[in-house]
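# Residue-level structural notes
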Amino acid sequence: MSTASATAIPGIFSAEFVQETLALTRRLFIQLQRRPSTLVAGVVQPLIWLILFGALFQNVPQGLFGDSTNYSQFLCAGIIVFTAFSGALNAGLPVMFDREFGFLNRLLVAPLASRFSIVLASALFITTLSLIQVTAIAGLGMLLGTGLPNAAGIGVVLATVMILVFGVTALSLGLTFALPGHIELLAVIFVINLPLLFASTALVPLSFMPRWLQWIASLNPLSLAIEPIRYVYLHPDWQLSDVVMVAPWGSLSLGTALLILLAVALGMSLLIQPLLRRRLA
């Protein structure tokens, strides 16, 4: 491509970039429309978890799980976060299949305003699906007696989910371009998923865990997302300075947990930048 034609291609802040990002995002939703079972399964599975686990521990003594009045109220935050995490971890699969079927090569030779639109489209798609799932979980949770946070608390829930999805989507896209194929990507997803769930505060509080697992769970990014959401669910008069987790290494406030989670998400995004530049060049 000549220098003149290269400079004629619009940049990332152009209307062309927005148009191609929306077009690529729409393509992913068309694929979802043709395979709606993906969305149905993604919504139904966390609802089943919430119902079954909530029923399993419904007769535990009140106060055993902190300030929660029932186990469903305690569990809801964990299900919200784990569902968003699982969806974001799968964000790279559509791009991986595009790689394997040759569609990604067609995009790379197209005169795109910025190839970052390929990445942004996947992020927008996964974020939308995550918000649909979170809405379904929160709605069922209300029916099971979990209640809802106040308006500011709902903002914290949405912000926490979006930060987590942003960081994990970056990780997934990095794995997509680092691994040779979808078999390897699925293997990594299976290896990561459940260990991170059980090594977090999604199902039980830190006090239930042995000391070595408390250290792991308190450093787990899932716990950093779960505890702020759980806290705003249980405390209508919450403050950013309120302590949401007492870890072996110290106390963690709501605001600090969100800042650490944001730093982790930004770190993952910056970490994959060199890889994305090489692969999308």
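Please refer to the structure higher up on the page.
The structure contained in this document is the topic of the report that follows. One numbering rule holds for all chains: residues counted from 1, following each sequence as written. Where totals are concerned, whole chains, interfaces and linings use all residues; where local detail is concerned, this predicted model gives features only for residues with pLDDT of at least 70, and gives and counts side-chain atom pairs only at 80 or more. To obtain the side-chain values, all non-hydrogen atoms of the structure were used and water was disregarded.

### Here's the deal with the overall build of the protein chain
Across its full length, the protein chain holds 12 helices and two strands. Along the protein chain, from the amino end to the carboxyl end, the secondary structure elements read α-α-α-α-α-α-α-α-α-α-α-β-β-α. A radius of gyration in this sense is built from C-alpha atoms; the matching globule rule multiplies 2.2 Å by the number of residues raised to 0.38. Scaling as 2.2 N^0.38, a compact globule of 281 residues should have a C-alpha radius of gyration of about 19 Å, and the protein chain matches this with 20 Å. Its C-alpha atoms give the protein chain principal-axis dimensions of about 70 × 40 × 35 Å. For the protein chain, buried positions account for 48% of its 281 residues. Contacts between residues were defined by any pair of non-hydrogen atoms, one from each residue, lying within 4.5 Å. The contacts of the protein chain with a sequence gap of at least 6 include a subset with a gap of at least 24, amounting to 76%. Each accessible area is a Shrake-Rupley result for a 1.4 Å probe, and residues are judged covered by the shown protein chains and nothing else. Carbon and sulfur atoms provide 69% of the accessible area of the protein chain, an area that totals close to 13,900 Å². Helix and strand assignments follow DSSP, with helices taken as H or I runs no shorter than four residues and strands as E runs no shorter than two, numbered in order from the N terminus. For every residue, the accessible area (1.4 Å probe, protein chains only) is compared with the maximum for its type, and the residue is labelled buried under 20%, exposed over 50%, or partly exposed between those bounds.

### Some words on the environment of A247
Here A247 lies in strand β1 (residues 243-247). In the structure, A247 is positioned 230 residues away from F17 in sequence and 44 Å away in space, judged by C-alpha atoms. Not counting chain neighbours up to four residues away, the residues in contact with A247 comprise L206 and S218.

### With respect to the side chain of Q214
By the element assignment, Q214 lies in helix α10 (residues 211-219). The class of Q214 is buried, set by a relative accessible area of 13%. Within the local environment of Q214, its side chain forms a polar contact with the backbone oxygen of M209, the two atoms lying 3.0 Å apart. Residue contacts for Q214: discarding those within four places in its chain leaves L206, S207, M209 and P248. By the criterion applied in these results, polar contacts are pairs of N or O atoms within 3.5 Å in which, for protein atoms, one can donate a hydrogen and the other can accept it, and in which residues neighboring in sequence qualify only through two side-chain atoms.

### With respect to the packing of helix α11 (residues 221-234) against helix α12 (residues 254-279)
α12 packs onto α11 with a crossing angle of 145° between their chain directions and a minimal axis gap of 9 Å. Relative to α12, the crossing made by α11 is left-handed. Across the interface between the two elements, P221, L224, A225, P228, Y231 and V232 of α11 pack against L254, A257, L258, I260 and L261 of α12. Axis definition: a line fitted to C-alpha atoms, over the contacting stretch in the case of helices. Angles run 0 to 180 degrees between N-to-C directions. Take the far helix as your reference; a near helix turned counterclockwise from it by less than a right angle gives a left-handed crossing, and one turned clockwise gives a right-handed crossing.

### Quick look at the pattern of salt bridges
Salt bridges are defined by distance alone: a side-chain nitrogen of Lys or Arg within 4 Å of a carboxyl oxygen of Asp or Glu. Applying the stated criterion across every chain yields a total of two salt bridges. Note that R27 and D98 form a salt bridge whose closest N and O atoms lie 2.7 Å from each other. Of this pair, R27 sits in helix α2 (residues 15-34) while D98 sits in helix α5 (residues 92-101), and the two are 71 residues apart along the sequence. When sorted by exposure, R27 lands in the same class as D98, which is buried. Ionic pairing is found between E227 and R230, a salt bridge with its closest N-O pair at 3.1 Å.

### So, the environment of L50
For L50, the location among the structural elements is in helix α3 (residues 37-56). On the basis of relative accessibility, which here comes to 0%, the residue L50 falls in the buried class. A C-alpha to C-alpha distance of 25 Å links L50 and L186, two positions 136 residues apart in sequence. The residues contacting L50, other than those within four sequence positions of it, are S72, L75, C76, I79, I137, L140, G141 and L144.

### Notes on the packing of aromatic side chains
Aromatic ring pairs are defined here through the distance separating the ring centres and the angle between the ring planes. Stacked, edge-to-face and tilted labels apply to pairs of Phe, Tyr and Trp rings (six-membered ring for Trp) whose centres lie within 6.5 Å, assigned for plane angles under 30 degrees, over 60, and everything in between, in that order. One pass over the structure, following the stated rule, counts seven aromatic pairs. A ring pair is formed by F29 and F125, whose centres lie 4.9 Å apart and whose planes are at 75°; its orientation type is edge-to-face. One end of the pair, F29, is in helix α2; the other, F125, is in helix α7 (residues 116-143), with 96 residues separating them in the sequence. Here the aromatic cluster, defined as three or more aromatic residues joined through ring pairs, consists of W49, F53, F82 and F85. A ring is considered to have a charge above it if a Lys NZ or an Arg CZ atom is located within 6 Å of its centre and within 35 degrees of its normal. The aromatic ring of F103 is capped on one face by R27, whose charged end is 4.0 Å from the ring centroid. Cation over ring: R230 sits above F74, and NZ or CZ is 3.6 Å from the ring centre.

### Structural notes on a nonpolar patch on the surface
Together, V40, V44, I48, I51, L52 and L144 give the surface a local cluster of nonpolar side chains, amounting to about 490 Å² of exposed area. If you trace the backbone, V40 turns up in helix α3. Patch definition: residues with relative accessible area over 30% and no salt bridge; like charges joined within 9 Å; nonpolar side chains (Val, Leu, Ile, Met, Phe, Trp, Tyr) joined within 5 Å.

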